[in-house]
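Read off the chains here:
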Amino acid sequence: MDYRTTFRSFINSHYLSEGIRITIGLTLPALIGAWLHQEAIGITMSLGASCVIMVDNAGPVHHRRNAMLICTLVIFIVALLTGFIAVSTAGTGMLIAVFCFLFPMIGVYGARAGSIGLAALFIMVLNLEERIQGWNVLLNAAYVAFGAIWYTLLSLSLYSFRPFKVTQQALGDCIQSTAEYLLARSAFYNKNPDFDQIYSHLIDKQAEIHEKQNLVRELLFKSRDIVKETTNTGRVLLLIFLDIIDLFERVMSTQPDYRLLHQYFDESGILGKFKSLLLVVSEELNETGIAVKSGRPYSLNERMEIMLRELKDDFDQLRDDKRNASNVEGFIAMRNVLDGLEEIVSRLITIQQYSSYDLKVNKSDLGEVDYDRFVTHQDIDWKLLIDNVNWKSNSFRHAVRVCVATTTGFIVSQFFPLGHSYWILLTIIVILKPTYGLTRKRNYDRVLGTIAGAAIAALILYFIKDRQVIFGFMILLMILAYSFMRLKYLVFVTLMTPYILILFYLLNPHDFRNVVGDRLLDTAIGSGIAFLSNAFIAPAWAREEFTSYLMQMIQANKNYFRDVAVSFVGRDVGIVQYKYSRKMAYVALANVTDALNRMLSEPKRKQKNATDFHQFVVLNYMLASHTATLASYARRGDPIPRDKDYQSVIDAVLGILSKACHLLVRDSTRLEIKPEGINRSSGTEQVPDDLTLPGKSSGQEPVPKEAAAKDGLRKMNDRVTAMIQKRKAELEQGILESPTRRQLTLVKSVNDQFNFITKISEDLLKVAGKWK
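Figured I'd write up the structure that's included with this text. (Residues numbered from 1 in each chain as written. Predicted model: local features only at pLDDT ≥ 70, side-chain atom pairs only at ≥ 80, totals over all residues. Heavy atoms only, no water.)

**Side note on the packing of helix H20 (residues 467-483) against helix H21 (residues 489-507)**
The geometry of a pair of packed helices is captured by two quantities: the angle between their axes and the separation between those axes.
Then, in step 1: Packing of H20 against H21 brings their axes to within 8 Å, and their N-to-C directions diverge by 150°. Relative to H21, the element H20 is oriented roughly antiparallel. Like other packed secondary-structure pairs, H20 and H21 cross with a definite hand, here left-handed. Residue-level inspection shows Arg467, Ile470, Phe471, Met474, Leu477, Met478, Leu480, Ala481 and Tyr482 of H20 in contact with H21, the latter providing Phe492, Leu495, Met496, Pro498, Tyr499, Ile502, Leu503, Tyr505 and Leu506. (Axes fitted to C-alpha atoms, helices over the stretch in contact; angles between N-to-C directions. Helix = DSSP H or I, 4+ residues; strand = E, 2+ residues; numbered from the N terminus. Parallel < 35°, antiparallel > 145°, perpendicular 65-115°, else oblique. Left-handed = near helix turned anticlockwise from the far one by under 90°. Contact = heavy atoms within 4.5 Å.)

See the structure below:
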């Protein structure tokens, strides 16, 4: 690991910017309050600001603004009601039960709505300890709201000063994730590669890239000031994003028969040179991502181009020295990989030039694109909430778990003399998540982070006695903690615990030992209650909804393959429809990868068919990769080899994928919120499921799809075999360049992809049949 590069990436990320912003937003009200001798008011305002922080995720500015304003209103009402009811123990218990059911339920409207619910529970718990009466209840709620408004103004003001900064940082992260994906693919060129392990790693990386792409897509396509931007900055950001999407697809589409390459070229050493170039391209991509995040132009160099020229020379030399009639197929596959790398390098250089924001460079035409089609929208419909009030809904069961767990925690705190008992409720609220696996991981991270954080606080306070230096450490811990808040929860808790304990020490140093003991004990109790609730109160197992994700993935891959394959039978769906199908295939694959990882984190008894599911996901990833490779041939600008025999193969693949989907239907379960579905809306050229060639003769008797597919594949393969034999004969005669060579390279490459896709679809059907 290059720690210098990692450090540069971190200091230019939106995570560090967010950590600094949050620290200012929390400390300033408290410091001003202390300076005015109104510490209680300042701390209360800081609590209000801390609630709004939860909903201020990276995203379109109008979404952030609306969420923070709604959150401000909600926490004001919750603080008001809590203040009036907290004087009664029975009333408090009822309030906790009701709020801890209602607010988790609003998570059906998406992650940002769920954050508003969490903020409401957070301010409710923090107000339980205070026994405020009369007008002071209203004043306390008002101070909470003022703190929320203060942070909202701070966040929006910083955005207005640098409106493109968050987008640049998110886009840089996306580019760096693509670099990591390319680095993972370089393992294919190792000697004796472990293909299963490599594919598993690539699937996880692809899901991570989708998450980063989706954030950038939201920031760009939902922000009118960027989509309709007339200045150079907004235009360049769109161009970079569109190019990195295409570059990622080109990386995925470099999908040769790696076993064939190793069979022919393991001893030549040239595969190691391919890997070296991939490593350099990955490094250049990573540096480009850092440059985009920082807003500074990338310093162009010729390292990639020099290495690419050297690799092409090495390839030509190897081909001239070793090419013969027996290895011509291997050289065709290697030539395709080399062409792919050349295009990847060319696209990366273009992105690097864009980073200069130079008007003379950025002359690409964005054209008219329906950007709204590529983002999802969440309507606030009461029917969705009502529909989820049933035992099949994960959100409903999660709300029940939170309600029971927090009510239990409140009862425990009332029967035992625990100091700072509200920490029990806070622990339960932040640990419990809708899924079993995520809750278990949160629980582990919370306990481990609290213990480690308490040890850090003890060490700081043992060795440092100067209060100003201690305060400086607290601010540093705050910045680091909130920088990791949305990145790594374990690190966040480990850094947050010492800053909270140091804060209590500065406020009341004589009671510090009791505070540390209370923190550890309350965390342990809350963690135990959360663990039991997660395990025994209607746990949400990933297996319950996994089949539905698989069905959506097959359907998305089917649509993607269809929109690509029709180009080889004389039809074209258009670039927008093609990119939409591509996006939906990647979305579905990311969703099912996330679900599989959650399943693998659950108890073994709940991992039924996990091995088959993993194989199914890998096969779908390979199907998407080979479809991307097929698309690269259809859209590279060269004449496309069109053949009527492709038609029967296309029909057969679509039919096989439909059969696989039907086998999964009986095992499917209803999802309360489905991932982005396949919404093939009107307004673009559509391709029907039953593909037919224009002008197809009707004078012949219909042939079953399977038989027609085999016949079509046989004819295609026979033609390619004949071309190979002809080319071998030419090589034996010393003819190195000929029309046959150029035609064979393209036709065989396309034919190979149809063969791969057909074989993969048949394997998918076999695996699906194992658990029917």
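**Brief notes about the packing of helix H3 (residues 39-53) against helix H7 (residues 135-161)**
Then, in step 1: Taken N-terminus to C-terminus, the directions of H3 and H7 make an angle of 55°; their axes are 7 Å apart at the nearest point. In this view, H3 runs oblique relative to H7, as classed from their interaxial angle. Relative to H7, H3 is oriented so that their crossing is right-handed. Residue-level contacts link Ile41, Thr44, Met45, Gly48, Ala49, Val52 and Ile53 of H3 to Asn140, Tyr143, Val144, Phe146, Gly147, Ala148, Trp150, Tyr151 and Thr152 of H7.
Then, in step 2: Within the contact of H3 with H7, the residues separate by chemical class into 11 nonpolar, 5 polar and no charged. (Nonpolar A, V, L, I, M, F, W, Y, C, P; charged D, E, K, R; others polar.)

**A short note on helix H6 (residues 111-126)**
Within an α-helix, residues lying three or four positions from one another point in the same direction, as the helix has 3.6 residues per turn.
Then, in step 1: The end-to-end C-alpha separation of H6 is 23 Å, in line with the 22 Å expected for 16 residues at 1.5 Å each.
Then, in step 2: The element H6 is extensively covered by neighbouring structure, given that 13 of its 16 residues are classed as buried. (Expected span 1.5 Å × (residues − 1). Buried < 20%, exposed > 50% of the residue type's maximum accessible area, 1.4 Å probe, protein only.)

**Examining the environment of Ala530**
Then, in step 1: The topology assignment puts Ala530 in helix H22 (residues 512-536).
Then, in step 2: Take Ala530: its relative accessible area is 0%, and that puts it in the buried class.
Then, in step 3: In sequence terms Ala530 and Val402 are 128 residues apart; their C-alpha atoms lie 8.4 Å from each other.
Then, in step 4: Discounting residues that sit within four places of it in the chain, Ala530 has contacts with Ile431, Leu432 and Asn443.

**Some thoughts on unusual backbone geometry**
Then, in step 1: Backbone geometry at His37 places phi at a positive 60°, although glycine is not the residue there.
Then, in step 2: For His37, the location among the structural elements is in the loop between helix H2 (14-35) and H3.
Then, in step 3: Taking relative accessible area as the criterion, His37 reaches 65% and is therefore assigned exposed.
Then, in step 4: Positive phi outside glycine occurs at Ala538, with the angle close to 45°.
Then, in step 5: Position of Ala538 among the secondary structure elements: in the loop between H22 and helix H23 (543-565).

**Some thoughts on the packing of aromatic side chains**
Then, in step 1: Under the counting rule described, the total for this entry stands at 28 aromatic pairs.
Then, in step 2: One aromatic cluster is present, formed by Phe188, Tyr189, Phe195, Tyr199, Tyr258, Phe274 and Tyr621 through successive ring pairs.
Then, in step 3: Between Arg259 and the ring centre of Phe195, over which it is positioned, the NZ or CZ distance is 4.2 Å. (Phe/Tyr/Trp six-rings, centres within 6.5 Å; stacked < 30°, edge-to-face > 60°. Lys NZ or Arg CZ within 6 Å of the ring centre and 35° of its normal.)

**Quick word on the side chain of Thr5**
Then, in step 1: Assignment of secondary structure puts Thr5 in helix H1 (residues 3-11).
Then, in step 2: With sequence-adjacent residues up to four places away left out, Thr5 is seen in contact with Asn286, Glu287 and Ile290.

By themselves, these are just geometric observations and shouldn't be taken as functional.
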